[in-house]
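Listed here are the chains, written in short residue letters.
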Amino acid sequence: MKPTTSPKTYRVKSFGCQMNVYDGERMAEMLAERGITQAPEGEEADLVVLNTCHIREKAAEKVYSDIGRLTKAGRAAGKEPLIAVAGCVAQAEGEEIMARAPAVSMVVGPQAYHRLPEMLDRAVKGERATDTDMPAIAKFAALPERRRVAPAAFLTVQEGCDKFCTYCVVPYTRGAEISRPFADLVEEAKRLVDAGAKEITLLGQNVSAWSGEDEKGHRQGLDGLIRRLATISDLRRIRYTTSHPADMDEGLIAAHGEVDKLMPFLHLPVQSGSDRVLKAMNRSHTADSYLKLLDRFRAARPDIALSGDFIVGFPGETEAEFEETLALVDTVGYAQAFSFKYSPRPGTPAATMADQIPPEAMDERLQRLQSALNRDQLAFNRASEGRTCQVLVERKGKLPGQWLGKSPWLQSVWFAREDGGDCAIGDLVEVTLGEAGPNSLAGTLREDVEA
Ligand code: SAH
Ligand code: SF4
Ligand code: F3S
């Protein structure tokens, strides 16, 4: 590659899960620390970081087409950007990317991106570099402090996964489960709050497996961490995601009934309602054990909103087994959920299993599942009509006087003051929920909540 001038502007494009969003924000902060500014909307950046996801098919193809588009746009504008590929595709296919895409000068895995600035120095000199080491938690120590954050912020507390569900690439792209230390997390949470966060979502591929030692040397699980964070007085709300049914313990369930700042929401993927399929997926729970677990959460926090993930068309899934998934959905009544067609991932055991399901059958099942989930989501939102709850003001709406925020149950709420006046982003306000749609509710602001 030819040497080039140091970049003045950057753009980070994050795909995939919230952990990638967190990583993308951290990479942006590192670049800002070096005096590189975010490229204005609609303008080409001098440096583009593609922070990729490998969870389902076409991820790699998408990266190559993005690279092609960027190079073309750069040529038209007279300067090709420096391109870094980060995230889980970088981890899984770093070498292929380097070989296939000469326009890419940096490939950096999810556990190595704290080295991005050094790689950038080399890229400016015309050298290409790949770093897909997995030095566990070295990156967190190396990241700069945060200056200003949105009212609803993310905090990665746990990374990696040891569960090895047979369809999933995460254990390979993110490595083994590690928990960040208790004291570091309390410290980072305080800094986030000082930087403007009112709500923190604790992130982990397997967040309920978090464990660590508190200040007194006592072993704590996620509930202990949550209880400690709840003592940060300007922190108003705590959420966590994503959990695996195998790691939900009594302490965490109890915390939902006892910690006011812990929001009444649980994202607990189930994937399938068929015990045969769950076993083939290596999920270590049954449909029934999952339902019993939800009952315990409901007993601790009766208004808890439930969310899940589903895969349709896992190899060998019969129509009857798929109907067991529909039956489970009917039983739970989810407030929201994500559902996907099974996608064979290279290197995972399920990719070579017999009886791969034809695409048409997957399409048809996904449609049926999604119509059931949409029905329940609308029903959940309708059941909230007339309720008065706290909403965290996250941004301005499109219409004058309109604001957008989230209810405790993670519903998007559009609202206005009765007098048409202003709100401040980051305020918690009391809103009466009005007309419900499938994805959001309208509301009317009652009053600002005392801090
Ligand atoms: N650690 C989390 C999130 C994993 S990825 C968890 O265990 O829930 C998010 C979701 O993507 C999964 O819950 C699953 O529903 C879906 N997913 C993962 N691999 C997939 C694959 N190969 N094909 C289709 N969906 C997949
Ligand atoms: Fe993937 Fe399963 Fe781990 Fe979730 S628990 S990240 S689905 S292997
Ligand atoms: Fe995707 Fe990696 Fe997250 S594969 S879902 S970005 S952990």
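The present account deals with the structure reproduced in this document. (Residues numbered from 1 in each chain as written. Chains lettered and ligands numbered in written order. Predicted model: local features only at pLDDT ≥ 70, side-chain atom pairs only at ≥ 80, totals over all residues. Heavy atoms only, no water.)

**Remarks on the packing of helix α8 (residues 222-229) against helix α9 (residues 250-258)**
Thinking step 1. At a minimum axis distance of 8 Å, the contact between α8 and α9 shows a crossing angle of 30°. Relative to α9, α8 is oriented roughly parallel. The residues of α9 that touch α8, namely those facing L222, D223, I226 and R227, are G251, L252, A254, A255 and E258.
Thinking step 2. Looking at the contact of α8 with α9 residue by residue, the class counts come to five nonpolar, one polar and three charged. (Axes fitted to C-alpha atoms, helices over the stretch in contact; angles between N-to-C directions. Helix = DSSP H or I, 4+ residues; strand = E, 2+ residues; numbered from the N terminus. Parallel < 35°, antiparallel > 145°, perpendicular 65-115°, else oblique. Contact = heavy atoms within 4.5 Å. Nonpolar A, V, L, I, M, F, W, Y, C, P; charged D, E, K, R; others polar.)

**Quick look at the nonpolar core**
The nonpolar side chains of a soluble globular protein tend to be buried, and buried together.
Thinking step 1. The biggest cluster of nonpolar side chains holds 80 residues, and the ones touching the most others in it are L202, Y240 and Y334.
Thinking step 2. Each of domain 1 (9-138) and domain 2 (145-263) contributes no fewer than three residues to this core.
Thinking step 3. Every residue in contact with L202, bar those within four places of it in the chain, is listed here: L155, V157, V207, L222, L225, I226, L229, I238, R239, Y240 and T241.
Thinking step 4. Ranked by size, the runner-up nonpolar core spans 20 residues in total, among them A39, V63, Y64 and A101. (Core = buried A, V, L, I, M, F, W, Y, C linked by side-chain atoms within 4.5 Å. Buried < 20%, exposed > 50% of the residue type's maximum accessible area, 1.4 Å probe, protein only. Domains from an automatic or database assignment.)

**Some words on helix α12 (residues 319-332)**
Thinking step 1. In a regular helix each residue adds 1.5 Å, so 14 residues correspond to 20 Å; α12 covers 20 Å between its end C-alpha atoms and thus fits that length.
Thinking step 2. Within α12, the full set of buried residues consists of E321, F322, T325, L326, L328, V329 and V332. Summarising the axial view, the buried residues of α12 lie within an arc of 155°, below the 170-degree limit, and thus occupy one face. Facing away from the buried side of α12 by more than 90 degrees, the exposed set consists of A320 and T331. (Expected span 1.5 Å × (residues − 1). Arc of directions from axis to C-beta.)

**Considerations on the packing of aromatic side chains**
Thinking step 1. Following the criterion strictly, the structure yields six aromatic pairs and no others.
Thinking step 2. Measuring from ring centre to ring centre gives 6.4 Å for Y22 and F140, while their planes differ by 50°; the resulting arrangement is tilted. Highlighted residues: Y22 in helix α1 (residues 18-33) and F140 in helix α5 (residues 138-142), separated in sequence by 118 residues. Neither Y22 nor F140 differs from the other in exposure class; each is buried.
Thinking step 3. Three or more aromatic residues joined by ring pairs make a cluster, and in this case those are Y167, F314 and Y342.
Thinking step 4. Here the basic side chain of R56 rests over the ring of F340, its NZ or CZ set 3.6 Å away from the ring centre. (Phe/Tyr/Trp six-rings, centres within 6.5 Å; stacked < 30°, edge-to-face > 60°. Lys NZ or Arg CZ within 6 Å of the ring centre and 35° of its normal.)

**Notes on the pairing of strand β3 (residues 47-52)**
Thinking step 1. Across the six residues of β3, six count as buried, placing the element largely inside the fold.
Thinking step 2. Neither face of β3 is open: one carries L47, V49 and N51, the other V48, L50 and T52, and all of them are buried.
Thinking step 3. In this sheet, β3 lies alongside strand β1 (residues 9-14) in parallel orientation, the contact comprising five bridges. Pairing of R11 across the sheet is with V48, part of β3.
Thinking step 4. As defined by bridge partners, β3 adjoins strand β4 (residues 82-86) across five bridges and the pair is classed as parallel. Residue pairing for β4: V49 is matched across the bridge by A84.
Thinking step 5. In this view, the connection linking β3 to its parallel neighbour β4 by way of helix α2 (residues 59-77) has right-handed handedness. (Pairing = 2+ DSSP bridges. Right-handed = clockwise from strand over helix to strand, strands pointing away.)

**Some remarks on α2**
Thinking step 1. Its 19 residues place the ends of α2 27 Å apart at the C-alpha level, agreeing with the 27 Å of an ideal helix rising 1.5 Å per residue.
Thinking step 2. Taken residue by residue, α2 has A59, A60, V63, Y64, D66, I67, L70, T71 and G74 as its buried positions. Along the axis of α2, the buried positions cluster into a sector of 160°, meaning they face one direction only. For α2, the exposed residues set more than 90 degrees away from the buried face come down to R69, K72 and A76.

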